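Listed below, chain by chain, are the residues.
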Amino acid sequence: MPELPEVETVRRGLQPAMEGALVTAVETRRPELRFPLPGNLAEALTGHHIAALGRRAKYLAIELDDATVLVCHLGMSGSFRIEETATEAPGGFYHERSKDVAHDHVILHLRGADGRARRIIYNDPRRFGFMFLTTRADMQSHPHLKDLGIEPTGNALDAEALAQVLHNRKAPLKAALLDQRAIAGLGNIYVCEALWRAGLSPKRAARTLVRADGAPTPRCALLAEAVRTVIADAIAAGGSSLRDYRQADGSLGYFQHTFAVYDREGQPCVRPGCSGTVRRTVQSGRSTFHCTTCQK
């Protein structure tokens, strides 16, 4: 499933093509994805300009000039494609995304501020993504969004905030970090990477990073910094590749992944001075990659 950096990279790739554009028509080629599509989707969007393209956790938010917001979740295999002179999918993914037109389910017809017509095509082979309409005022209280935790970007996730999330949690550290009610948008890949950067075992009890009085330990501060930097580095890499590809040939680039532990089972740990090997275990049905030598 796409994680926060991938969704943010998609947002940045779509932004130049969508913001300020007029929605001239909307096609829905099936009535539902994971959930039924809004019955008034075409009516709500057509004739309005796109004021802003935002993101909350792993959700894209397309805000119109009348404060209507179309919120999109990519699910397991969803992606957007821009059709103009090129047909590249903005944002890059560790697993390749489909360009099979048989899986094109929603198409937004736009006219940009430059007068050029383009189509924004949502493609989703597994149809596990979904879309819903809300308003700017009601968005944060929507059932899909109201229980999301703090964003792991910027300075919001500091040691004190992370300590509140982990305090008295008996769950394994990795499970606690994946709880979207605590921290919004963290997924399996970047939790594995952040725990490696902080030198912490994914299996240790989450509460061991917090003192009895609720204050963060030095390890908690280290983990908060690791989470913020691994997400920031991933977003920066995606943004850089998009800019580089636009300068080179005008097309949209792909997110470049360099993982320290994720999907590196059996390979040497890359931490300087560590002689360990990356191991794969299963926690709550999901693969966990970590070095048992330097992650404690």
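Look up a bit, the structure's there.
Engineer: Where do I start with unusual backbone geometry in this structure?
Structural biologist: Trans peptide bonds make up the majority, and among non-glycine residues the majority have a negative phi. Although it is not a glycine, A57 sits at a positive phi angle of roughly 55 degrees. Positioned with a positive phi, R127 is a non-glycine residue whose angle comes to about 55 degrees. Within the secondary structure layout, R127 lies in the loop between β7 (117-123) and β8 (130-135).

Engineer: In this structure, what is going on with the sheet that holds β8? I would like to understand it.
Structural biologist: Backbone hydrogen bonds are what pair the strands of a sheet, in a parallel or an antiparallel way. Strand order in the open sheet formed by four strands is β2-β3-β4-β8, and the pairing between neighbours is antiparallel. Bordering the open sheet on either side are β2 (50-56) and β8, each of which pairs with just one other strand. Taking the axes of each pair of neighbouring strands and ignoring which way they run, one obtains an average angle of 20 degrees across the sheet. Helix α1 (residues 4-18) contacts β2 and β3 (59-64) of the sheet and is inclined by roughly 175 degrees relative to β2.

Engineer: I would appreciate a short explanation of the pattern of salt bridges in the present structure.
Structural biologist: When their charged atoms lie close together, side chains carrying opposite charge are able to pair. Taken as a whole and judged by the stated rule, the model has 19 salt bridges. The salt bridge partner of E8 is R55, with a shortest N-O separation of 3.0 Å. Separated by 47 residues along the polypeptide, E8 in helix α1 and R55 in strand β2 bring together distant segments of the chain. With respect to class, E8 is no different from R55; both count as buried. Between R169 and D179 there is a salt bridge, with its nearest N and O atoms 3.7 Å apart. With R169 in the loop between α3 (159-166) and α4 (173-178) and D179 in the loop between α4 and α5 (188-198), the pair connects residues that are ten residues apart, well separated along the chain.

Engineer: Please clarify how α5 should be interpreted in this entry.
Structural biologist: Every α-helix winds through 3.6 residues per turn, so residues three or four apart in the chain are directed the same way. The buried fraction of α5 is high, at ten of eleven residues. For α5, the set of buried residues is N188, I189, Y190, V191, C192, E193, A194, L195, W196 and A198. In the stretch just after α5, G199 is the one whose phi turns positive, near 70 degrees.

Engineer: Explain α3 here, please?
Structural biologist: Of all eight residues in α3, six are buried; the element is thus mostly enclosed. Following α3 by one or two positions, N168 adopts a phi angle in the positive range, close to 65 degrees.

Engineer: Quick question: what am I supposed to make of the packing of aromatic side chains here?
Structural biologist: The geometry of an aromatic ring pair is captured by two quantities: the separation of the ring centres and the angle between the planes. One pass over the structure, following the stated rule, counts seven aromatic pairs. Aromatic side chains F130 and F132 sit 6.4 Å apart centroid to centroid with 20 degrees between the ring planes, which places their arrangement in the stacked category. Looking at F130, the relative accessible area reads 4%, which means it is buried. Ring geometry for Y190 versus F259: centroids 6.4 Å apart, planes at 70 degrees, classification edge-to-face. Taken together, the positions of Y190 in helix α5 and F259 in the loop between α6 (218-249) and β9 (278-283) put the pair 69 residues apart, joining distant regions of the chain.

Engineer: Mind showing me how you'd approach the sheet that holds strand β6 (residues 104-111) here?
Structural biologist: Pairing in this open sheet of four strands is antiparallel, and the strands run β1-β6-β7-β5 from one edge to the other. Both edges of this open sheet fall to β1 (22-28) and β5 (79-83), since each of them pairs with a single strand only. Each neighbouring strand pair of the sheet contributes to a mean axis angle of 20 degrees, computed without reference to strand direction. Here six bridges tie β1 to β6, and the two strands are oriented antiparallel to one another. Counted as the bridge partner of V26 is L108 from β6. Those strands touched by α1 are β5, β6 and β7, and its axis lies near 30 degrees from that of β5.

Engineer: Would you mind showing me how to read the nonpolar core here?
Structural biologist: Among soluble globular proteins, nonpolar side chains are generally buried collectively. If you look at the biggest cluster of nonpolar residues, it comprises 44 residues, and the most contacted ones within it are L162, L166, L173, L177, I183 and L223. The set of elements that each furnish at least two residues to this core consists of α3, α4, α5, α6 and β10 (286-291). Looking at this core, the element that brings in the most residues is α6, giving nine residues. Leave out the neighbours within four places in its chain, and L173 touches L166, L195, L200, S201, P202, R204, A205, A206, L209 and L223. Core analysis: the second largest hydrophobic core is formed by 29 residues, V7, V26, L64 and C72 among them.

Criteria and thresholds
Residues numbered from 1 in each chain as written. Predicted model: local features only at pLDDT ≥ 70, side-chain atom pairs only at ≥ 80, totals over all residues. Heavy atoms only, no water. Helix = DSSP H or I, 4+ residues; strand = E, 2+ residues; numbered from the N terminus. Pairing = 2+ DSSP bridges. Axes fitted to C-alpha atoms, helices over the stretch in contact; angles between N-to-C directions. Contact = heavy atoms within 4.5 Å. Salt bridge = Lys/Arg side-chain N within 4 Å of Asp/Glu carboxyl O. Buried < 20%, exposed > 50% of the residue type's maximum accessible area, 1.4 Å probe, protein only. Phe/Tyr/Trp six-rings, centres within 6.5 Å; stacked < 30°, edge-to-face > 60°. Core = buried A, V, L, I, M, F, W, Y, C linked by side-chain atoms within 4.5 Å.

By themselves, these observations are geometric and do not establish any function.
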